[in-house]
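# Breakdown of the fold
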Amino acid sequence: MTKSIFTPNALEGETVVITGASRGIGAAIFEACLKAGATVIGTATSEPGAEKITAKAKELGLKGCGKVLNIADRVQTDAFAAEVEKEFGAVSVLINNAGITRDTLALRMKDEQWDAVIETNLTGTFRLTRCFLKGMMKARKGKIINLSSIVGMMGNAGQANYAAAKAGLIAMSKSIARELGARGITVNCIAPGFIATDMTDALSDDQKKALSAQIPLSRLGSVGDIANAAVFLASDAASYITGQVIEVNGGMRM
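Remember, it's a predicted structure, so these values are computed and weren't measured experimentally. (Residues numbered from 1 in each chain as written. Predicted model: local features only at pLDDT ≥ 70, side-chain atom pairs only at ≥ 80, totals over all residues. Heavy atoms only, no water.)

## Re the pairing of strand S2 (residues 39-44)
Among the 6 residues that make up S2, 6 are buried, leaving the element largely enclosed by the rest of the structure. Along S2, one buried face is formed by Thr-39, Ile-41 and Thr-43 and the opposite face, lined by Val-40, Gly-42 and Ala-44, is buried too. Sheet analysis places strand S1 (residues 15-18) next to S2, joined by 4 bridges and oriented parallel. Residue pairing in the sheet places Val-17 in a bridge with Ile-41 of S2. You can see the chain leave S1, run along helix H1 (residues 24-35) and come back into S2, and the turn it takes is right-handed. In terms of strand pairing, S2 meets strand S3 (residues 64-68) through 5 bridges, oriented parallel. Opposite Ile-41, over in S3, you have Cys-65 as the bridge partner. Handedness of the crossover joining S2 and S3 through helix H2 (residues 47-60) is recorded here as right-handed. (Buried < 20%, exposed > 50% of the residue type's maximum accessible area, 1.4 Å probe, protein only. Helix = DSSP H or I, 4+ residues; strand = E, 2+ residues; numbered from the N terminus. Pairing = 2+ DSSP bridges. Right-handed = clockwise from strand over helix to strand, strands pointing away.)

This is how it looks when you write it as C-alpha cells:
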C-alpha cells in the first residue's frame, strides 16, 4: 500500500471532478481527493457505477458523490457540467481519467475502433475541459490534470489508436497551459506506466514477471502511486508547475 504524503487538508475548499472514478486509478484518485479535504464528484458510465462512487464517499463520511457521464456524448457532457456547477458551484480541479481501449494491430484496426478511442480519450476530454474553463477563468484559478500514458510517449504495438489519443492529450495540455497560465490555471499530465489493476490481475505470474523486468524498480506501480501524483498536482504545492508530464512508471522510461 502506497502511503500518502499529504495532510488531510491539502485540498480543503476545492471542488474536484474526476472522470472514470468507479474503479482502478480513478477510484483511487477519488478516495485520495476526498481524504485531502475536497468535495469530489466522480463519474461513471452507468448508474450502478455512479452509485458505487457515492457509496464510497458515504462510507468514508466525506463530501462526494457519483454521477453518470459518457464523455463521448456531447449533449450529456454539456448537461453534466451545467448540473455540477449548479449544484456545487465552480469546479476548481478537473481530473480527466476516463478512457477506453480497442486494441488491435494497425493493419486490422477498423475505423470504428479508431474513432471510439479518439472520441472518448481525446475529444471527450477536450469537450469536458472546455465546459469548465469559463468558471476557472472567472475565478482566476484552477487545476486541470489529464491522465495520459507511457504508451503516448513511446508507443505500443496494437495500440495505435490509444497511443495517438494519449499523445494528443499531452500536446493539448501544453497548448491549453500556454493559453491559461496568465489566468492562474495550471494544466498538467500524469503518464502512468504499468499499474497493478483488475486488468493486470488477470495476467499470469510469468507475464507479470516479464513486465516487472522492464522496470528499474522491479515492480508494477500501484493505483495509490498515481493518486498521490494527482493530489500533488491538484494542491497548492504544485502551483508553479504547468505544461508538464509527470511520469509515474518506476523508471521504465528515462
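## Some remarks on the UniProt feature "binding site: NADP(+)" (unreviewed entry) in the protein chain
Residues annotated by UniProt as "binding site: NADP(+)" (unreviewed entry) correspond here to Gly-20, Ala-21, Ser-22, Arg-23, Thr-45, Asn-97, Tyr-162, Ala-163, Ala-164, Ala-165, Lys-166 and Ile-195. Their sequence span is 176 residues, while the largest C-alpha to C-alpha distance among them is 24.7 Å; these annotated residues do not converge on one region. Looking at the element boundaries, Asn-97 is found in the loop between strand S4 (93-96) and helix H4 (111-139). Judged by relative accessible area, Ala-163 falls into the buried class, the value being 13%. The residues touching Ala-163, leaving out its near neighbours within four places in the chain, are Val-151, Gly-152 and Gly-155. (UniProt positions renumbered as here; feature names shortened; annotations may be inferred. Contact = heavy atoms within 4.5 Å.)

## Some details on H4
Over its 29 residues, H4 extends 41 Å from the first C-alpha to the last, a length consistent with the 42 Å expected when each residue adds 1.5 Å. Residue Glu-119 marks the point of greatest curvature in H4, where the axis turns by about 40 degrees. Residue Arg-140 follows H4 closely and has a positive phi angle near 55 degrees. (Expected span 1.5 Å × (residues − 1). Bend = angle between axes of the 7 residues up to and from the residue.)

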